[in-house]
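Spelled out from the first residue to the last, the chains are:
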Amino acid sequence: MTAKCYHHIDSNYCAWYIQIKRKATHGHWEITRFTKKHICLVHIHQNKHQNMTSKFFSKLISHLVANDLEIPLLKVIQEVQVKLQMGCTYKRAWYAQKFAIERVFGSWEITFSILPKYLHAICGKWQEYTLPCSHANAVCRDNGTRPDAYVPDIYSRETYQSIFYLVGHEDFWRDAPYNLTFYPPNMNNQRGRKKGTRFRAKMNYRNPDSPPRCSRCRMPGQSRKNCKNPSSSNV
């Protein structure tokens, strides 16, 4: 079985050629002859060429998109004209820019698939301990960056290689040119039970429309003072 280029026979001769054969020994197909490159592109200067697709143009402008994400379409058309000596429509240039962005930065589907990994980085451990957490390390691994680049300088070896002088005993301290007066803290102890500091949920608050409940027998409509029922613990 053989396959040739579309322009193998016409005046714009192209040498692209492949030949495959099925071996009787193992039953698999093998390539016996193959010519990789198309040479018909340099001879045909028309917009209707079957190889002049938007994905093909995206390979030519990938380096431009990597440097400038908002590259104008006019520059894309000029780049195609300079490299291939042929015209490019506005529609093909728009799709070429879209495919080039997906080639360099990835598609929207891939971005949304890895988005949950980035959202896990808001666990708060990084902000609390000032060290990259396990989620931040996973993000650095996906990006190909080193986590130690986000570690503060106080944990680096260069910080502790500096010279630190000891304070010494207080008998050798110099007298300060000013006097410091320390007063006891101003604390106002209010009467009654101290207010709790924990965050209360909705279930911790009593419904104001519900009747009062006795703290002894747990029956509604009465209080501990006028309760005549035995305690719930003795029932």
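Residues numbered from 1 in each chain as written. Predicted model: local features only at pLDDT ≥ 70, side-chain atom pairs only at ≥ 80, totals over all residues. Heavy atoms only, no water.

> Even after reading the chapter, I still don't get the layout of surface pockets, so can you show me in this structure?
The rolling of a water-molecule-sized probe over the atoms marks out the regions of remaining empty space. Within this model, the largest pocket holds a volume of roughly 230 Å³. Considering the residues around the largest pocket, the lining is formed by Leu-69, Trp-94, Gln-97, Lys-98, Ile-101, Glu-102, Phe-105, Gly-106, Ser-107, Trp-108 and Thr-111. Of all elements in the fold, only α4 (90-105) and α5 (108-119) reach the threshold of two or more residues within the lining of the largest pocket. Broken down by element, the lining of the largest pocket gets its largest block of residues, 6 residues, from α4. Residues belonging to the lining of the largest pocket are distributed by class as follows: 5 nonpolar, 4 polar and 2 charged. (1 Å grid on protein atoms, 1.4 Å probe; cavity = no way out; pocket = protein on both sides within 12 Å on 5 of 7 lines; lining within 4 Å. Points joined across faces, edges and corners; volume = space filled by probe spheres on them. Helix = DSSP H or I, 4+ residues; strand = E, 2+ residues; numbered from the N terminus. Nonpolar A, V, L, I, M, F, W, Y, C, P; charged D, E, K, R; others polar.)

> Whenever I open this one, the pattern of salt bridges confuses me. Can you help?
Close approach of charged atoms allows side chains with opposite charge to pair. Here the structure, examined in full by the defined rule, presents 2 salt bridges. A salt bridge links Glu-79 to Lys-83; the shortest N-O distance between them is 3.2 Å. Residue Glu-79 and its partner Lys-83 are located together in helix α3 (residues 73-84), separated by 4 residues, close to a single helical turn. Residue classification places Glu-79 among the buried positions, given a relative accessible area of 17%. Judged by relative accessible area, which is 42%, Lys-83 ranks as partly exposed. Linking Asp-148 and Arg-146 is a salt bridge whose minimum nitrogen-to-oxygen distance equals 2.8 Å. (Salt bridge = Lys/Arg side-chain N within 4 Å of Asp/Glu carboxyl O. Buried < 20%, exposed > 50% of the residue type's maximum accessible area, 1.4 Å probe, protein only.)

> Could you clarify how one ought to interpret the sheet that holds strand β2 (residues 17-22) in this entry?
Hydrogen bonding along the main chain pairs the strands of a sheet, whether they run parallel or antiparallel. With respect to topology, 3 strands assemble into an open sheet ordered β1-β2-β3, the strand pairing being antiparallel. With partners counted over all chains shown, the strands left at the sheet margins are β1 (2-4) and β3 (29-35), one partner each. Across this sheet, the average inter-strand angle for adjacent strands is 15°, counted without regard to direction. Relative to β2, β1 runs antiparallel, the two sharing 3 bridges. (Pairing = 2+ DSSP bridges. Axes fitted to C-alpha atoms, helices over the stretch in contact; angles between N-to-C directions.)

> Would you take a moment to explain the side chain of Gln-97 for this structure?
With respect to the helices and strands, Gln-97 occurs in helix α4. Those residues in contact with Gln-97 that sit more than four places away from it in its chain are Ile-61, Leu-69, Glu-70, Ile-71 and Leu-73. (Contact = heavy atoms within 4.5 Å.)

> Just to check I follow, could you spell out unusual backbone geometry for this structure?
Unusually for a residue other than glycine, Arg-218 sits at a positive phi of about 65°. Residue placement: Arg-218 occurs in the segment after α8 (157-160). The exposure class of Arg-218 is partly exposed, given its relative accessible area of 45%.

> Mind showing me how you'd approach the pairing of β2 here?
For a regular strand, side-chain orientation follows a simple rule: the groups alternate between the two sheet faces. Strand direction decides the pairing type here: β2 and β3, joined by 6 bridges, are antiparallel. Its bridge partner lying in β3, Tyr-17 is registered against Thr-35. In this structure, the hairpin formed by β2 and β3 is closed by a connection of 6 residues, where Gly-27 is found at a positive phi of approximately 80°.

> Help me understand a nonpolar patch on the surface in this model?
Where nonpolar side chains cluster on the molecular surface, the patch consists of Tyr-129, Leu-131, Ile-154, Tyr-155, Tyr-160 and Phe-164 and spans about 710 Å² of accessible area. Within the secondary structure layout, Phe-164 lies in the segment after α8. (Patch = residues over 30% accessible without salt bridge, like charges linked within 9 Å, V, L, I, M, F, W, Y side chains within 5 Å. Areas by Shrake-Rupley, 256 points an atom, 1.4 Å probe, with all protein chains shown as cover.)

> Even after reading the chapter, I still don't get a positive patch on the surface, so can you show me in this structure?
On the surface, a cluster of positive charge is contributed by Arg-193, Lys-195, Arg-198 and Arg-200. Relative to the assigned elements, Arg-198 resides in the segment after α8. You can call Arg-198 exposed: its relative accessible area is 52%. (Lys, Arg positive; Asp, Glu negative; His and termini not counted. Charge placed at Lys NZ, Arg CZ, Asp CG, Glu CD.)

> Looking at this structure, how should I read helix α7 (residues 134-143)?
Working note: α-helix, 3.6 residues per turn, so residues spaced by three or four point in the same direction. Those residues of α7 that fall on the buried side of the exposure criterion are Ala-136, Val-139 and Cys-140. Along the axis of α7, the buried positions cluster into a sector of 100°, meaning they face one direction only. Exposed side of α7, more than 90 degrees from the buried face: Ser-134 and Arg-141 are the residues found there. (Arc of directions from axis to C-beta.)

> Just to check I follow, could you spell out the confidence of the model for the protein chain for this structure?
Looking at the protein chain, the pLDDT average stands at 77 and 83% of residues meet or exceed 70. Mean pLDDT across the elements of the protein chain bottoms out in α5 (68) and peaks in α4 (87). (pLDDT = per-residue confidence, 0-100.)

> Is there a simple way to explain the packing of α3 against α4 in this structure?
Geometrically, a packed helix pair is captured by the angle between its two axes and the distance between the axes. Contact pair α3 / α4: the axes reach a minimum separation of 9 Å and the direction vectors enclose 100°. For the element pair α3 / α4, the angle class is roughly perpendicular. Of the residues in α4, those touching α3 at Leu-73, Val-76 and Ile-77 are Tyr-90, Ala-93, Trp-94 and Gln-97. Looking at the contact of α3 with α4, its residues break down into 6 nonpolar, 1 polar and no charged. (Parallel < 35°, antiparallel > 145°, perpendicular 65-115°, else oblique.)

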